[in-house]
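Working through the structure, step by step
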Amino acid sequence: MLWVDKYRPKTLDKVLVHQDIAQNLKKLVTEQDCPHLLFYGPSGSGKKTLIMALLRQLFGASADKVKVENKNWKVDAGSRTIDVELTTLSSTHHVELSPSDAGFQDRYVVQEIIKEMAKNRPIDTKGKKGFKVLVLNEVDKLSREAQHSLRRTMEKYSSSCRLILCCNSSSKVTEAIRSRCLNMRISAPTEGENFCDTKVRRQLFQPMSMYIVKVLEFIGKKEGLQLPSGFADRIAQQSNRSLRRAILSFETCRVQQYPFTTNQPIPPMDWEEYVSEIASSIFKEQSPKRLFEVRGKLYELLINCIPPEIILKRLLYELLKKLDSELKHETSHWAAYYEHRLRLGQKAIFHLEAFVAKFMSIYKGFLIETFG
Amino acid sequence: MAPVLQSSQPWVEKYRPKQVKDVAHQDEVVRVLTNTLETTNCPHMLFYGPPGTGKTTTALAIAHQLYGPELYKSRVLELNASDDRGINVVRTKIKNFAAVAVGTVRHGSGYPCPPYKIIILDEADSMTEDAQNALRRTMETYSKVTRFFFICNYISRIIEPLASRCAKFRFKPLTEEIMTTRILYICKEEGLNLDSEALSTLSCISQGDLRRAITYLQGAARLFGSSISSKDLISVSGVIPEDVVQALFSACKSGNFDTADKEVKNVIAEGYSVSQMLSQLYDVIVESDDISDEQKARICKKIAEADKCLIDGADEYLQLLGVASNTMCAISNMPSFGS
């Protein structure tokens, strides 16, 4: 079992990183009841862990007995019927699904399937807990229409059903939905005490929250590992404040070499290395020929299922490292510009390539201007 | 169905006014509708205005007061965006419902029960234009037996022919005073303690939207118990604390790209909503004294563009970075890029 799963806190009491939120959630469900909830925050910050722990708190051990189902629905949409295929994870008390998987048909999922689920009320032997919980993942990827449809469903069936929504960016969830939920902001855990300057710490400091370093040390202790000083710090630094990533790379290090040495390299993700190669090859030469080579490499990344916006962001990060401040402004502007177009467009490669070409032309112009 | 625990009901529903005269702050509508109750004469209605000002409440209240609980089911058709409202539904369901003739029934129920039915189309601005067009004739043909209530946020999304067939009522955002009285009433009912600072924070963050204010209040009450401070309210509302916004703004003023980049990364990692950030940053910039009008204009233009991009689904980090970089350029009078 991966450490990420092995050390995932099972109950709200055992949560390490967001103890204050966990305690609040516990208070929230003491009366066996909860409002609609919206969890948002960057990936690897513990949204899912908190949701699972919350369900366990609500329903006890039965929340663990989940079955995965691949269901087909026939939705009647006026003149034609539409087949929707969705994977659901369900226990007796809750159903979990990602409606955005249905693509542009997500509206029907919300209007028909979720409504259907919300209507059916589970009957408990003791006649209490008369509601079920629907966990919807990635609500930020839902289309506008689907979100509009969701808002009335939330009100109408609020007596029989609670929704727990989970997303990365709350900007993409409409105001109407946000205002109907209790919003829980799950911030990414900070790397460690050494990484916060005092001002930031004052802002972020939550007396009960834990740092990534502490979590790594906790796992190290449980596994009976010897951690050289500064080792956990370095892993935390590379993790981009994502706890999941930190634990994964910690385990990778363990597999590669144990006992740890102080200067043991922490393997970066291979695609990140690949992007940094792309960046340095862009810096070496700016020509159509090089652009063509870069295009091949970008294709390779896309084929390996790295989302295009992540590639673009990483590429920007690599490029910004080596630029003059004047060019940084321009480059970041164009990165935002092409990422926006990428969302609107169909094929990602065009926009990635356009960004690279734009950058090459800016950089070449800059070189000519400076060095003649 | 198992009985619902009283506590599980959202306060928004619990304290929804049941009678038209209880609707706060919307005097014209209330006057017209009270008149309707007496004379049972009612035009087609179009309610528009920002969220949380009482549009749906008013429509439901008048329907209940006209028909009473017994006839309500057969006389009122309520459709909203969670129901499918394509052109097919307009052609079949709405038309069929509209066509049924009804008579005046007075069996001493104490309700006026006028001889027409009501169709409430909630969130009408999310109806397609085709569907709206299909409604035009239906409205006229069956105007003897059916009244339409349209409810929407943006009146510009209702096609002109529909709008001109209705009596239009704008619902104003609630003033702080009225909001405060309502909130205090709920606090008293629920046994909550709210100091005056928290009260003014609440009406500030909810910006005239009573539903939002009540939801925040309930959220805070659930999380933090019966005495609520203004900090608790801010943490449930998703409003970004002032010092985070100021930190980003001063990073922009510093003129150092890397400082701004670090601040932006921090905002993203903390999970704050970028659209919220943009609107709060906008407030800070407009009110700031040491920036010239032209610079403000440049910054605001970029904020507007970024907001549009976010709605299109663009990446939060890149957009905020773009705004930060543009702000920096504008403050230090460097040329900015694009358009």
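Residues numbered from 1 in each chain as written. Chains lettered and ligands numbered in written order. Predicted model: local features only at pLDDT ≥ 70, side-chain atom pairs only at ≥ 80, totals over all residues. Heavy atoms only, no water.

Under an unreviewed UniProt entry, the name given to chain B is AAA+ ATPase domain-containing protein, and the source organism is Rehmannia glutinosa. A UniProt comment under Subunit (unreviewed entry) is attached to chain B, and it reads "Heterotetramer of subunits RFC2, RFC3, RFC4 and RFC5 that can form a complex with RFC1." (UniProt positions renumbered as here; feature names shortened; annotations may be inferred.)

In the nomenclature of an unreviewed UniProt entry, chain A is known as AAA+ ATPase domain-containing protein of Rehmannia glutinosa.

**With respect to the pattern of salt bridges**
Opposite charge on two side chains allows them to pair when their charged atoms are near. A complete count under the given rule lists 29 salt bridges over all chains for this structure. Between Glu223(A) and Lys6(A) there is a salt bridge; the shortest N-O distance is 3.0 Å. Here the residue Glu223(A) occupies a position in helix α8 (residues 212-223), and Lys6(A) occupies one in helix α1 (residues 3-6), the gap between them amounting to 217 residues. The class of Glu223(A) is partly exposed, set by a relative accessible area of 26%. Across the salt bridge formed by Glu270(B) and Arg241(A), the nearest N and O atoms sit 2.7 Å from each other. Taken together, the residues Glu270(B) in the loop between α12 (257-269) and α13 (274-287) and Arg241(A) in the loop between α9 (231-238) and α10 (243-256) connect one chain to another. Take Glu270(B) and Arg241(A): they sit in the same class, and that class is buried. Linked by salt bridges that have partners in common, Arg245(A), Glu272(A), Arg314(A), Glu318(A) and Lys321(A) make up one network. (Salt bridge = Lys/Arg side-chain N within 4 Å of Asp/Glu carboxyl O. Helix = DSSP H or I, 4+ residues; strand = E, 2+ residues; numbered from the N terminus. Buried < 20%, exposed > 50% of the residue type's maximum accessible area, 1.4 Å probe, protein only.)

**A closer look at the environment of Pro69(B)**
Residue and element names in this part refer to chain B. As for its placement among the helices and strands, Pro69 is situated in helix α3 (residues 55-75). A relative accessible area of 64% places Pro69 in the exposed class. As for Pro69 and Tyr15, which are separated by 54 residues in sequence, their C-alpha atoms are 18 Å apart.

**Section: the confidence of the model for chain A**
Mean pLDDT over chain A stands at 81; residues scoring 70 or higher make up 91%. Within chain A, the lowest mean pLDDT, 43, falls on helix α7 (residues 198-204) of chain A, and the highest, 93, falls on helix α12 (residues 288-303) of chain A. (pLDDT = per-residue confidence, 0-100.)

**Observations concerning the interface of chain B and chain A**
Between chain B and chain A, the residue contacts involve 67 residues of the former and 68 residues of the latter. Inspection of the region where chain B meets chain A yields four salt bridges. As a salt-bridge pair, Arg185(A) and Glu270(B) come within 3.5 Å of each other at their nearest N and O atoms. The interface formed by chain B and chain A holds 16 residue pairs in polar contact (both at pLDDT 80 or more) in total. Broken down by secondary-structure element, the contributors of at least two residues to the side of chain B that touches chain A are α9 (210-224), α10 (230-237), α11 (242-254), α12, α13, α14 (293-311) and α15 (316-331) of chain B. (Contact = heavy atoms within 4.5 Å. Polar contact = N/O pair within 3.5 Å; in protein donor to acceptor, adjacent residues only side chain to side chain.)

**Observations regarding the packing of α9(B) against α10(B)**
Residue and element names in this part refer to chain B. Here α9 crosses α10 at 110 degrees, and the two axes come no closer than 9 Å. It follows that α9 is roughly perpendicular to α10 by the angle criterion. Two packed elements cross with a definite hand, and for α9 against α10 that hand is right-handed. For the pair formed by α9 and α10, the contact residues are Tyr216, Leu217, Gly219, Ala220, Leu223 and Phe224 on the first element and Asp232, Leu233, Ser235, Val236 and Ser237 on the second. (Axes fitted to C-alpha atoms, helices over the stretch in contact; angles between N-to-C directions. Parallel < 35°, antiparallel > 145°, perpendicular 65-115°, else oblique. Left-handed = near helix turned anticlockwise from the far one by under 90°.)

**Observations concerning the packing of α12(B) against α15(B)**
A packed helix pair is summarised by two numbers, namely the angle formed by the two axes and the spacing between the axes. Residues and elements named next belong to chain B. Axis separation between α12 and α15 bottoms out at 10 Å; the angle between their running directions is 145 degrees. The two elements α12 and α15 cross, and the hand of that crossing is right-handed. Facing Phe257, Ala260, Asp261, Val264, Lys265, Val267 and Ile268 of α12, the residues of α15 in contact are Glu316, Tyr317, Leu320, Leu321, Ala324, Ser325 and Met328.

**Focus on the environment of Ile285(B)**
Residue and element names in this part refer to chain B. If you trace the backbone, Ile285 turns up in helix α13. By relative accessible area, Ile285 is classed as buried at 0%. C-alpha separation for the pair Ile285 and Lys172, spaced 113 residues apart in sequence, amounts to 27 Å. Ignoring any residue separated from it by four or fewer positions in sequence, one finds Ile285 in contact with Phe249, Lys296, Ile299, Ile303 and Thr327.

**Describing the side chain of Ser98(A)**
All names here are of chain A. Of note, Ser98 is situated in the loop between β4 (94-97) and α4 (106-119). What makes Ser98 buried here is its relative accessible area of 14%. Filtering out sequence-adjacent residues up to four positions away, Ser98 remains in contact with Leu86, Asn137 and Glu138.

**Section: the side chain of Asn326(B)**
Residue and element names in this part refer to chain B. Note on placement: Asn326 falls in helix α15. When its relative accessible area of 10% is taken as the criterion, Asn326 is described as buried. With sequence-adjacent residues up to four places away left out, Asn326 is seen in contact with Arg298, Ile299, Lys302 and Ser336.

**Description of the sheet that holds strand β1 (residues 45-48) of chain B**
Residues and elements named next belong to chain B. The five strands lie next to each other as β2-β3-β4-β1-β5, forming an open sheet whose pairing is parallel. At either end of the open sheet lies a strand with only one pairing partner, and these are β2 (76-79) and β5 (167-170). Direction aside, the axes of adjacent strands within the sheet are offset by 15 degrees on average. Examined bridge by bridge, β2 and strand β3 (residues 117-121) share four bridges and lie parallel to one another. The partner of Leu77 across the bridge, within β3, is Ile119. The strands touched by helix α2 (residues 27-39) are β1 and β5; relative to β1, the strand with the most contacts, the crossing angle is about 155 degrees. (Pairing = 2+ DSSP bridges.)

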